[in-house]
Amino acid sequence: MFIQEVSIEVNSDFSKDELYQEFNLLMSFYRGNGQSQGKIESQYISGNKIVALPYTLEENSLAEENNNIYINKWIEKIQTLSNSFISIKTIGKTQEDYLGCCSCEKSDFYILNTNYISIDSPITCGSCNSSVALYHLPKYYDFGYMPILSWETNYQACDNLQMNCEVGERWALNQMQELGSQLSKQGIQIAKKIEELTDIPTYYFLYNYRKHKSDDLNHPCPSCNKKWSLKERQYFYDFKCDDCRIISTISPNS
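Just so it is clear, the structure is predicted and the values come from calculations on it, not from any experiment.

A. Up close: helix 2 (residues 69-82). The terminal C-alpha atoms of helix 2 lie 20 Å apart, and with 14 residues this matches the ideal 20 Å at 1.5 Å per residue to within 8%. Of the residues making up helix 2, those classed as buried are I71, W74, I75, I78, Q79 and S82. The buried side chains of helix 2 occupy one side of the element, clustering within an arc of 130° when seen end-on. Residues K73, E76 and T80 are exposed on helix 2 and point more than 90 degrees away from its buried face. Summarising the contacts, the buried residues of helix 2 are in contact with strand 1 (2-9) and helix 1 (16-32). Sitting at the amino-terminal end of helix 2 is N68, which places a side-chain oxygen 3.1 Å from the backbone nitrogen of Y70. In the segment just after helix 2, N83 is the residue with positive phi, at about 55°.

B. Fine view of the packing of aromatic side chains. Inspection of every chain in the model, using the stated rule, returns 10 aromatic pairs. Relative to Y98, the ring of F2 has its centre 5.4 Å away and its plane inclined at 75°; by these criteria the two rings are edge-to-face. Within this pair, whereas F2 is found in strand 1, its partner Y98 is found in the loop between strand 4 (87-93) and strand 5 (110-112), the two being separated by 96 residues in sequence. Among the residues examined, F2 registers a relative accessible area of 11% and is labelled buried.

C. Representation of the sheet that holds strand 2 (residues 37-46). Pairing is antiparallel in the open sheet, where 4 strands are placed in the order 2-3-1-4. Strands with a single pairing partner mark the edges of an open sheet, and in this sheet they are strand 2 and strand 4. Averaged over all pairs of adjacent strands, the angle between their axes in this sheet comes to 25°, without regard to strand direction. In terms of strand pairing, strand 1 meets strand 4 through 6 bridges, oriented antiparallel. Looking at the pairing, S7 lines up with S87 of strand 4. Contacting strand 1, strand 2, strand 3 (49-56) and strand 4, helix 1 crosses the sheet at an angle of about 160° to strand 2.

D. Layout of unusual backbone geometry. Even without glycine at this site, N83 takes up a positive phi of about 55°. Here N83 is to be found in the loop between helix 2 and strand 4. Phi angles above zero are rare outside glycine, and C165 is one such case at about 65°. Mapped onto the elements of the fold, C165 is located in the loop between helix 3 (146-164) and helix 4 (169-177).

What counts, and where the lines are drawn
Residues numbered from 1 in each chain as written. Predicted model: local features only at pLDDT ≥ 70, side-chain atom pairs only at ≥ 80, totals over all residues. Heavy atoms only, no water. Helix = DSSP H or I, 4+ residues; strand = E, 2+ residues; numbered from the N terminus. Expected span 1.5 Å × (residues − 1). Buried < 20%, exposed > 50% of the residue type's maximum accessible area, 1.4 Å probe, protein only. Arc of directions from axis to C-beta. Contact = heavy atoms within 4.5 Å. Polar contact = N/O pair within 3.5 Å; in protein donor to acceptor, adjacent residues only side chain to side chain. Phe/Tyr/Trp six-rings, centres within 6.5 Å; stacked < 30°, edge-to-face > 60°. Pairing = 2+ DSSP bridges. Axes fitted to C-alpha atoms, helices over the stretch in contact; angles between N-to-C directions.

See below:
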């Protein structure tokens, strides 16, 4: 990913501590609009300068043309209070060979998927297997994508519980692998709406950690009970039901 430096020089008598909080809100608006990834950017005050270092999928993710009304409003507010202009520049990449996110003209399909360590977009392109920047999609709700990001944090919370193996492991695992769970229902509804907005088939990734006595590939789709194993593995996916719009992998316990 790219690492951006978003900064402003404070050329007024307004409290830098209060401006810091306004800057923090700006970062949350970037996140809600899918322009920055995760919630782990460094933010600090150095002399008269306030700086944040968010992660982005593209070098121009924070460009003005990608902003929504909340971001533009807060930029204007911060600039007025500080009597200065916000500066945005790319200062590096997390990997030397990082090439960016999905750039397909039109994806064959999307996948709603995340995990406990990911800060990528929760939407993956089924054609190139790269992250899809949310701001390239039609707005989902209230000029942004918060319902998608809400599901993402819910899923990651469950994945953390089942990985830690101490508190709520079985409950969290069931949330991730049962179609009737609250988590799955939330995700499936989101996938349906993304498909409606984009006219691109959107699949929900169903976690699979069951211990089957027989070959896992013989097990049917858990929703329609039809065969859903792929003839050839697509990236790391082994199952895909085009009717039910769910996708999955072979259990490591099989």
